[in-house]
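Structural overview
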Amino acid sequence: MATGRTHRPATRSRGIPEATVARLPLYLRALTALSERSVPTVSSEELAAAAGVNSAKLRKDFSYLGSYGTRGVGYDVEYLVYQISRELGLTQDWPVVIVGIGNLGAALAGYGGFASRGFRVAALIDADPAMTGKPVAGIPVQHSDDLEKIINEDGVSIGVIATPAGVAQQVCDRLVAAGVTSILNFAPTVLSVPDGVDVRKVDLSIELQILAFHEQRKAGEEPGAEPGAETAAVPPATRGTENGSRKGPDGDMPSVMPA
């Protein structure tokens, strides 16, 4: 099986929009559920509903993949699973290192969805000497002094940062210098990276704040509420945030990891 270090996804070179790329995992999750139920075909309307998008957008997204379905029949589920998996690079082996094995890092190490989606946790790394050699999710923790050696030996191109915010940039710099070109950042801070390095940021507190905003807005729209009450109650930091268009310094805010 090919490794992630020697093969890169072709989505950008083929001109697939980033918004479409962001929806491909949603389609894949819905299609995988259909495949597990041995459903052979699915209409664009059914699949769109399962993925939470409209059918016109789905058909447009699939046109970038060269998949148009069959009139009166729909899309072949197994073929679409393969096609989207290939486009996302999930038919390859992607070694991943997780840096920072606290509560969150340990939880990520034990997350079964990585392996089922083509991501192999190659190493767990922590700066605490007391953690060295301790097995977490069946994988012994290695000291951060060996980070560069581990990345080189395992051909790692994806790094996950689950450290405190104060050391996240330092860890990021070391990952990039060692050859890591994609980073999933769980630390509550914005990372600075050079061109050619992709960063996706996951901040659960931000997601909860956005939900709180919508809850507050819904409460302000209840019958009997004073006009304009919901606007006055919105904290300045959250005004102007719209569902589906959340932007951060590292790009669109990704969804919380699927269950």
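Residues numbered from 1 in each chain as written. Predicted model: local features only at pLDDT ≥ 70, side-chain atom pairs only at ≥ 80, totals over all residues. Heavy atoms only, no water.

**A word on the overall build of the protein chain**
When helices and strands are counted, the protein chain shows ten helices and eleven strands. For the protein chain, the residues scored as buried account for 41% of the 259 residues in total. Considering only contacts within the protein chain whose residues lie at least 6 apart along the sequence, 60% involve residues at least 24 apart. Entry remark: accessible area of the protein chain is about 14,200 Å², with carbon and sulfur atoms responsible for 55%. (Helix = DSSP H or I, 4+ residues; strand = E, 2+ residues; numbered from the N terminus. Buried < 20%, exposed > 50% of the residue type's maximum accessible area, 1.4 Å probe, protein only. Contact = heavy atoms within 4.5 Å. Areas by Shrake-Rupley, 256 points an atom, 1.4 Å probe, with all protein chains shown as cover.)

**Quick notes on the pairing of strand β6 (residues 139-143)**
With three bridges joining them, strand β4 (residues 119-126) and β6 adopt parallel strand pairing. Paired with I125 across the strands is Q142, a residue of β6. Here strand β5 (residues 135-136) pairs with β6 via two bridges, running antiparallel. For P135, the partnering residue across the bridge sits in β6 and is P140. The turn joining β5 and β6, which pair antiparallel and follow one another in sequence, is formed by two residues; a positive phi near 55° is taken by A137. (Pairing = 2+ DSSP bridges.)

**Remarks on the sheet that holds β4**
Across the sheet, seven strands lie side by side as β5-β6-β4-β3-β7-β8-β9; this open sheet has mixed pairing. If you trace the sheet from one side to the other, it starts and ends with β5 and β9 (198-201), each paired once. Relative to β4, strand β3 (residues 94-99) is paired through six bridges, and the arrangement is parallel. Each bridged residue has a counterpart across the sheet, and for V97 the counterpart in β4 is A123. This element, helix α7 (residues 147-154), spans β3, β4 and β6 of the sheet and lies at about 165° to β4. Against the sheet, helix α8 (residues 165-177) contacts β3, β7 (158-161) and β8 (182-185), and its axis sits at roughly 170° relative to β7. (Axes fitted to C-alpha atoms, helices over the stretch in contact; angles between N-to-C directions.)

**Some remarks on the confidence of the model for the protein chain**
Looking at the protein chain, pLDDT values average 83 and 80% of them are 70 or higher. Across residues 1-13, confidence stays below pLDDT 50; counting only partners more than four residues off in sequence or on other chains, it has 34 contacts. Under a pLDDT of 50 for its full length, residues 229-259 has, in the predicted model, 44 contacts with residues more than four places off or in other chains. (pLDDT = per-residue confidence, 0-100.)

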